[in-house]
Each structure stands twice: as C-alpha cells, then as structure tokens.
Amino acid sequence: MPKAYVFTRNGGPEVEALAEQEVPVPGPGELLVAVRAAGVNPVDWKLRTGYTRPGSEPQPFPTVFGSEAAGVVEGVGPDVEGFAVGDEVFGNPLTGGYAEYALLPAAVTAHKPTALSFTDAAVLPVAAATAYDGVRQLAPTPGSTLLVTGAGGGVGTAAVQLARHAGARVVGVTSADKKDFVESLGAVHVESGDALADRVRAAAPDGIDAIFDLVGGDTLRAVAPLLADPATLVSAGGKPLAVELGGAAVARARTAAVLDEVANLVVTGVLRTYVTGTFPLDEAGAALRAVEGGHTRGKIVIEVAA
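These remarks concern the structure in this document. All of these numbers come straight from a predicted model, not from anything done at the bench. (Residues numbered from 1 in each chain as written. Predicted model: local features only at pLDDT ≥ 70, side-chain atom pairs only at ≥ 80, totals over all residues. Heavy atoms only, no water.)

## Here's the deal with the sheet that holds strand 4 (residues 63-64)
Pairing between sheet strands relies on hydrogen bonds along the backbone, with the strands arranged either parallel or antiparallel.
Right, so step 1: Ordered by their spatial adjacency, three strands build an open sheet running 2-1-4, and the pairing between neighbours is antiparallel. Looking at the sheet topology across the chains shown, the edges are occupied by strand 2 (16-20) and strand 4.
Right, so step 2: By the bridge criterion, two bridges tie strand 1 (residues 3-7) to strand 4 in an arrangement that is antiparallel. Bridging from a neighbouring strand, Phe7 pairs with Thr63 of strand 4. (Pairing = 2+ DSSP bridges. Helix = DSSP H or I, 4+ residues; strand = E, 2+ residues; numbered from the N terminus.)

## Comments concerning the pattern of salt bridges
Right, so step 1: Taken as a whole, this structure holds eleven salt bridges when the rule is applied.
Right, so step 2: Notably, a salt bridge pairs Arg221 with Glu244, separated by 3.8 Å at the nearest N-O pair. Taken together, the residues Arg221 in helix 7 (residues 217-223) and Glu244 in helix 8 (residues 239-244) connect sequence positions 23 residues apart.
Right, so step 3: Measuring nitrogen to oxygen at the nearest pair gives 3.0 Å for the salt bridge that ties Arg289 to Glu292. Placement of the pair is Arg289 and Glu292 together in helix 10 (residues 284-292), with a separation of three residues, close to one helical turn.
Right, so step 4: When salt bridges with common partners are traced through the structure, they connect Glu16, Arg48, Arg289 and Glu292 into a single cluster. (Salt bridge = Lys/Arg side-chain N within 4 Å of Asp/Glu carboxyl O.)

## Focus on the packing of helix 3 (residues 124-138) against helix 4 (residues 154-165)
Right, so step 1: One can describe the packing of helix 3 onto helix 4 by two numbers: an axis separation of 8 Å at closest approach and a directional angle of 45°. Taken together, helix 3 and helix 4 sit at an angle that is classed as oblique. Both helix 3 and helix 4 take part in a crossing whose hand is right-handed. Here helix 3 contributes Ala127, Ala128, Thr130, Ala131, Tyr132 and Val135 to the contact with helix 4, which in turn contributes Gly154, Val155, Ala158, Ala159, Leu162 and Ala163.
Right, so step 2: Taken together, the residues that form the contact of helix 3 with helix 4 break down as ten nonpolar, two polar and no charged. (Axes fitted to C-alpha atoms, helices over the stretch in contact; angles between N-to-C directions. Parallel < 35°, antiparallel > 145°, perpendicular 65-115°, else oblique. Left-handed = near helix turned anticlockwise from the far one by under 90°. Contact = heavy atoms within 4.5 Å. Nonpolar A, V, L, I, M, F, W, Y, C, P; charged D, E, K, R; others polar.)

Here it is, written out as structure tokens:
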C-alpha cells in the first residue's frame, strides 16, 4: 500500500503518523500525481493544531500533510484538458503532498520545466508564489525601500530576491543567526527583537516605502508605524492585524499562470529556491520539526522515491 504522512486529530507532534493510503481516484478537473517532492511550510503544522484556512472546512481525519508538491501525472480525471499521463507537474495538492500519491486540481497545476528539478518545483506553489503575489501587489519601484519581516524563511527569501530584481532596496528583518544569509540575498539585515523600529530607522534613514510582513504579531506592530502610508503594508504572516493597521493581506492569485511565471524566474536565474534541507518521506516528522522550530533558512523539502 502507498504511504502518506498524516495527523489523526488536532494536537502536537504526537498525533502524526506514517500511514498506508489508498491510491486516490481523480474526479472531474483533477489529476492523480505520483509525488516526487513536497515542500514543507509553517501552515502544515498549523493545520495540525486546528487552524482552518479562511473559507475552508476542516478536513476529515486522518489528514495528509502538505500544501505544495511536484510529481508525475498517473491519472487524468474527467473534463481535464492539457495534461496527459507521464507529464511532470507541480501545484497545490487537494489531498496533501506528504504522500506517494496526491490529487491536484488541474486548473491551478503547472507543467514542470525540464530544467527544473522536482525538489525545486515543489517549493514554488506556496512560498515562491506567495512572495511573487505580495511583491507584485506592492509593486516596488527602482530606488524605493521595502522592509521584509521574516526575510530568511521560504517566502521571505523569495520576496527579497524578487524585490531586488525590481530594483528596490530591501531591509530584511530576521534573527541574528540569519544575518549572513539575508545579506547574501542583497538585503540590509536588521535583527528582530526589542527596539526593532529604532534599528530599522538606523538601517534606512531615508524611511521605508513599503512593508511585506511574514511574521505578524509584535514584529508587525513595531514596524507598521514606520510607514507614511499604511496602505503600503501587505502581510502573509498577520493578515487580520495588517488590516487593522490599515494595510492588507497578500492577495493570492492561485493560478497556473503565476506558477508558470515563477518557474520561469527560477529557470532563467532570477530566483533561487534555496532548498537547505531534504528528508525522505519516512522522516517527514523530522522535516516538520525543522520548520516548526522557526529557525530554518530557505526551504525544507520531503523527497519521495519513485
């Protein structure tokens, strides 16, 4: 029987398990994909604790972890056009990506470029696409200054690169241990913690034009007053708080076209994925612990053997 990494109820790591899974059957508009790699994201462990995405119903248990995956099409459901068995694809799975098989919605699944590995493709649908949507929403201009909180994580790493590509100066907020990494991306590093606003002012004496927040909470409250116009704040880390402060949540496009564009940016060298750790499926728990600890750089990926 194929394997999948699941949580059997809401709770902590004790509710996780590697379980056997029936091969899903693709319905209308769906693709059955043999997973080759799955990105690990903070939302994965948050869903385990009971978090529900806005507008979504809680999934029945056991629930397979994983919000982004890449693999090979093994079945095509009714009313699907543009895909065939054997195609290499990536996208957001309907049934969880920490598995040997997953269902993906054809409408928001993209063909993987040959030059892109499954491992790199697996980190694009959530992290890189969120960064792409947020930077596009803020539309930084050459010479402007963008503050990115959580600049060393999966979304932040991509956001820094995309903003720099647009010609913006980037100030990246992270813990002290990620200073060298963030500076290697071309950002000015500012250490998180108490008196954060003062350190940002020192790093950007001409002011901050926009904020891309990936942390929320006290960090967002500390830096939001630095903006002359609160409408130039977008957040993927503290969306309700961002709205309360006069900003907005990242407007996710969730389209195959965005996935195609992000993949092209990687292939052409504009964007690096910075996968800094890989784990086999039977060590998915260790991969989750690495991300749940909040100290990873770049992205963690679970690789699934063919």
